[in-house]
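# Structure assessment
As a plain string of letters, each chain reads:
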Amino acid sequence: MYKEYRGGAARRATGLNQLPFDPAINDGPLQFTNTTGPLVSESAVENGGESSKKRKRTNIPANGGRNLNADSTPMGLPMSDLTAWATAMNNLGMAPMGMSGQPLLPDFDPALGMMTGIPPISPMMPGLGIVPPPIPPDMPAVKEIIHCKSCTLFPPNPNLPPPATRERPPGCKTVFVGGLPENGTEQIIVEVFEQCGEIIAIRKSKKNFCHIRFAEEFMVDKALYLSGYRIRLGSSTDKKDTGRLHVDFAQARDDLYEWECKQRMLAREERHRRRMEEERFCPPSPPPVVHYSDHECSIVAEKLKDDSKFLEAVQTLVTWIERGEVNRRSANNFYSMIQSANSHIRRLMNEKAAHEKEMEEAKEKFKLALSGILVQFEQIVAVYHSASKQKAWDHFTKAQRKNISVWCKQAEEIRNIHNDELMGIRREEEMEMSDDEIEDPSEMKETEESALISQAEALKEENDSLRWQLDAYRNEVELLKQEQGKVNRDEDTTREQQLKLLQQALQGMQQHLLKLQEEYKKREAELEKVKEDKVQMEMLLETLKEQQEMADEEEKERDVVDNQGNESSTYRICASSQEKECPLERTLNCSPVKSEREALLVGIISTFLHVHPFGASIEYICSYLQRLDAKICPTEVEVLMSRLQHTFKQELSGVGASLEKRWKFCGFDGLKMT
């Protein structure tokens, strides 16, 4: 699991030496002097017992690992009097400079030296022994011991080959670090590798390796510089406190994702830049042409009369005509604009004649100037020829003769070129003159041809005008047809709307009829159910009557048996039986069922509630009984059921607003109780 280490500079432990160089891009030359700071820094001795002894540790310079620092103190000379030092160097003809190469006197002039004839000497010249010559860049860098707060890093053997690394993944910011000590902690890893740059996350394994993710890619190169170093925790020599670091590139999904995002961003920027360049080099689109109206027509007519705005107005006029804006109402306006455009022909012809005249004058001037130049070339060539004669030629040196001959050849070539150009101009003029002479005898033919051409053009114009009139009539006819078509369309739309309304009304009536038919079918089904219930009730009544008759017959038989048994009883028993008959009659007279109709109701209600074991409300029972007899009242039924407490039982069900009274059949339980 990664742990975040942002803001490493704020939490960096004191006493750490950060690597202030980049081994991947460091190619600087070696130098033996350093004036910016001390070459040696003192640190505590590894063994705490001998506190008086000191060891010297060289700091790695800021410009890379190739710079070597001597363990001795820097070389220095007494320079208490700068003027005396400058005077001594001035006497030698040298620029007064310090040992670091800085000039002591910036306005020194080496020409003012006292010992003239000696060239100025620079102390930076090789051979003087002050500054050694640069070391070639292919020399291997010397790695030194790196001391940290909790550990020490010892460099590998310089004679060994460099440690092998895998191919660098794109956008790599994560490194694999192996060979860690067994007792190494994340704090020690941070202490060692925080010198290379800001650490974002560390994932440490139990098998002496870890993965470190840095903030930037160049920090990975600094971390690879530590590959091969031997690490020792404190001053211990235990195997668990030592190890050999192996640093290599690691492939991480986060690094690849960030690199792909960066590449996509660069691609977007490149596409945007190309698009901007294409838009910048694209020709600008022409301005839009306004639509035709009387106001715009008057503006264009005024522009046509102006020579400076004629081109813009002509383009607008051509666009209007091609769009078909010409009709009978606007024909006069377009004719006036065409007429004003035709008036510019004479002006253009005059301008053309003026330009031709200017061109002829320029040709004459060019011809005169060219002839003058040729005359001067002839004179120069004559000078070269006269100089090359025997009288003057012998007095020139060999180099001078060579230059004169070369100059003569160049002048002759240039003269011949200009002469050919002048002869070409004269030939063209002669050919034009000859064409004019040939055209003179055929002037009559040209006049006849021009007359025929003018007649043909007049006929074409008349034909065009007639064709335009025919097109105008056709346009008017089409307009009339379109107006009639609009009227017919309006009528058709009204008819279509009426038809739609009628169709909607018919559809509504059909739907209503279908609903009525469905209701009729439902009513018929309900009537059939009622009839079936009625038949069932009649059958139940018949069965009840039969049962009652059977019960009456059984009672009669029992009475007969009782009478036969009572014949041999005594008078006392007869008296007692007479006394008992009186309460039986009383009970018969005070029985809850007073009529045959109530008995039938009791039987029907009993069968109904027997089918409904969870009970039913009085309204539900009455709705069932009213199908058999509409005169039945709910109060009558409720009074009858309340009188028969051993047959019917009333219970309350529900809670709160849903409280409901339900009647249940309890005749079987009542029979046992009685």
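Residues numbered from 1 in each chain as written. Predicted model: local features only at pLDDT ≥ 70, side-chain atom pairs only at ≥ 80, totals over all residues. Heavy atoms only, no water.

## Points about the overall build of the protein
Worth spelling out the cut-off: Each helix is a run of DSSP H or I of at least 4 residues and each strand a run of E of at least 2, with the numbering of both proceeding from the N terminus. Three labels apply to residues, based on accessible area from a 1.4 Å probe with only protein chains included: buried if under 20% of the type maximum, exposed if over 50%, partly exposed otherwise in between. Here, Shrake-Rupley sampling with a 1.4 Å probe gives the accessible areas, and only protein chains in the shown set may cover a residue.
Looking only at helices and strands, the protein has 17 helices and 13 strands in total. Within the protein, buried positions represent 22% of all 674 residues. Of the roughly 50300 Å² of accessible surface on the protein, 56% is carried by carbon and sulfur atoms.

## Observations concerning the confidence of the model for the protein
Heads up, the rule is: Each residue gets a pLDDT score, which is the predictor's confidence in that residue and runs from 0 to 100. Whether two residues are in contact is decided by their heavy atoms: any pair within 4.5 Å suffices.
When pLDDT is averaged along the protein, the result is 76, and 72% of the positions lie at 70 or above. Across residues 110-132, where pLDDT falls below 50, the model places 21 contacts with residues more than four positions away in sequence or in other chains. In this model, residues 568-589 is a region of pLDDT below 50 whose contacts with residues beyond four sequence positions or in other chains number one contact.

## With respect to unusual backbone geometry
The phi dihedral of Asn-208 falls on the positive side, at around 60°, and the residue is not glycine. By secondary structure assignment, the location of Asn-208 is in the loop between strand 7 (199-204) and strand 8 (209-214).

## A closer look at the packing of aromatic side chains
We apply this condition: Put simply, two rings from Phe, Tyr or Trp (the six-membered ring, in Trp's case) pair if the centres are within 6.5 Å, and we call them stacked under 30 degrees between planes, edge-to-face over 60, tilted for the rest.
Enumeration over the complete set of coordinates arrives at eight aromatic pairs. Their ring planes at 85° and their centres at 5.3 Å tell us that Tyr-292 and Trp-320 sit as a pair that is edge-to-face. Residue Tyr-292 is located in the loop between helix 5 (253-281) and helix 6 (294-305), and its partner Trp-320 is located in helix 7 (residues 310-323); the two are separated by 28 residues in the primary sequence. For the residue pair Tyr-292 and Trp-320, the accessibility class agrees, reading buried in each case. When the centroid spacing of 5.2 Å and the interplanar angle of 25° are considered together, the rings of Tyr-292 and Phe-334 count as stacked.

## Thoughts on helix 7
Each turn of an α-helix holds 3.6 residues, which means side chains three or four residues apart point in the same direction. Just so we agree on the cut-off: Take the residue count of a helix, subtract one, and multiply by 1.5 Å to get its expected span. Here the arc refers to the set of directions running from the helix axis out to each C-beta atom.
Here helix 7 spans 20 Å end to end across 14 residues, near enough to the 20 Å set by a 1.5 Å rise per residue. Of the positions making up helix 7, those classed as buried are Phe-310, Ala-313, Thr-316, Leu-317 and Trp-320. One side of helix 7 carries all its buried residues, which in axial view fall inside an arc of 130°. Residues of helix 7 that are exposed and angled more than 90 degrees away from the buried face: Leu-311 and Glu-322. Where helix 7 is buried, its residues touch helix 6, helix 8 (331-342) and helix 9 (344-387). Just beyond helix 7, the residue with positive phi is Gly-324, at close to 90°.

## Quick look at the pairing of strand 7
If a strand is regular, its side chains alternate between the two faces of the sheet. To be explicit about the condition: The rule for pairing is simple: two strands pair if DSSP sees at least two bridges between them.
Bridging between strand 7 and strand 8 involves five bridges; their strand directions are antiparallel. Looking across to strand 8, one finds that Arg-203 is bridged to His-211. Turn length for the strand 7-strand 8 hairpin, with the two strands adjacent in sequence and antiparallel, is four residues, and the turn residue Asn-208 shows positive phi of about 60°.

## Structural notes on the side chain of Asp-241
Selection criterion: Here the positive residues are Lys and Arg and the negative ones are Asp and Glu; neither His nor the chain ends is included. Salt-bridge detection follows one rule: a side-chain nitrogen of Lys or Arg within 4 Å of a carboxyl oxygen of Asp or Glu. N or O atoms closer than or at 3.5 Å make up a polar contact, with two conditions inside protein: a donor-capable atom paired with an acceptor-capable one, and, for residues adjacent in sequence, both atoms drawn from side chains.
Tracing the sequence through the fold places Asp-241 in the loop between strand 9 (230-233) and strand 10 (242-244). No salt bridge is formed by the buried Asp-241, whose closest oppositely charged neighbour, Lys-240, lies at an N-O distance of 8.5 Å. Side-chain polar atoms of Asp-241 contact the side chain of Ser-236, separated by 2.8 Å. Look past the residues within four positions of Asp-241 in its chain and what remains in contact with it is Pro-181, Asn-183, Ile-231, Arg-232, Leu-233 and Ser-236.

## Some points on the state of the cysteines
By definition, a disulfide links two cysteine residues through a covalent bond between their sulfur atoms. This is how it is decided: What counts as a disulfide here is a pair of cysteine sulfur atoms lying within 2.5 Å.
Inspection of every chain in the model, using the stated rule, returns zero disulfides. With no disulfide of its own, Cys-196 has Cys-148 as its nearest cysteine by sulfur position, at a separation of 9.9 Å. For Cys-196, a relative accessible area of 1% puts it in the buried group.

## Brief notes about the pattern of salt bridges
The full count for this structure, using the stated rule, is 22 salt bridges. With its nearest N and O atoms 3.3 Å apart, the salt bridge here joins Arg-643 to Glu-598. One end of the pair, Arg-643, is in helix 16 (residues 634-643); the other, Glu-598, is in helix 14 (residues 596-611), with 45 residues separating them in the sequence. With a relative accessible area of 30%, Arg-643 lands in the partly exposed category. A salt bridge links Lys-649 to Glu-651, with the shortest nitrogen-to-oxygen separation between them at 3.4 Å. By relative accessible area, Lys-649 is classed as partly exposed at 38%. With relative accessibility at 28%, the residue Glu-651 sits in the partly exposed group.

## Focus on the nonpolar core
Selection rule: In this text, buried Ala, Val, Leu, Ile, Met, Phe, Trp, Tyr and Cys residues form a nonpolar core when linked through side-chain atoms within 4.5 Å.
In this structure, Val-177, Val-192, Phe-193, Ile-212, Phe-214 and Leu-226 are the most contacted members of the largest nonpolar core, which totals 34 residues. Sorting the residues of this core by element identifies strand 5 (151-154), strand 6 (174-178), helix 3 (186-193), strand 7, strand 8, helix 4 (218-224), strand 9 and strand 11 (246-249) as the ones contributing at least two each. Filtering out sequence-adjacent residues up to four positions away, Phe-214 remains in contact with Lys-173, Val-175, Phe-193, Cys-196, Gly-197, Glu-198, Ile-199, Ile-200, Met-219, Val-220 and Ala-223. Tyr-624, Leu-625, Ile-632 and Leu-640 belong to the second-largest nonpolar core, a separate cluster that totals 20 residues.

## With respect to a positive patch on the surface
The test is simple: Candidate patch residues must exceed 30% relative accessible area and have no salt bridge, after which like charges are joined if within 9 Å and Val, Leu, Ile, Met, Phe, Trp or Tyr side chains if within 5 Å. Charge positions are represented by NZ for Lys, CZ for Arg, CG for Asp and CD for Glu.
Side chains of Arg-264, Arg-268, Arg-271 and Arg-275 sit close together on the surface and give a patch of like positive charge. Tracing the backbone shows Arg-275 in helix 5. Given the relative accessible area of 42%, Arg-275 is considered partly exposed.

## Details of the environment of Glu-260
Assignment of secondary structure puts Glu-260 in helix 5. Between the C-alpha atom of Glu-260 and that of Pro-170, which follows or precedes it by 90 residues, the distance is 8.8 Å.

## Here's the deal with the sheet that holds strand 5
Note the following rule: The angle between two axes is taken between their N-to-C directions and runs from 0 to 180 degrees, where each axis is a line fitted to C-alpha atoms and a helix contributes only its stretch in contact.
Spatially, four strands are ordered 4-5-9-10 in an open sheet, and the strand pairing comes out antiparallel. Of all the strands in the sheet, the pair left with one neighbour each is strand 4 (146-147) and strand 10. Running at roughly 50° to strand 5, helix 3 makes contact with strand 5 and strand 9 of the sheet.

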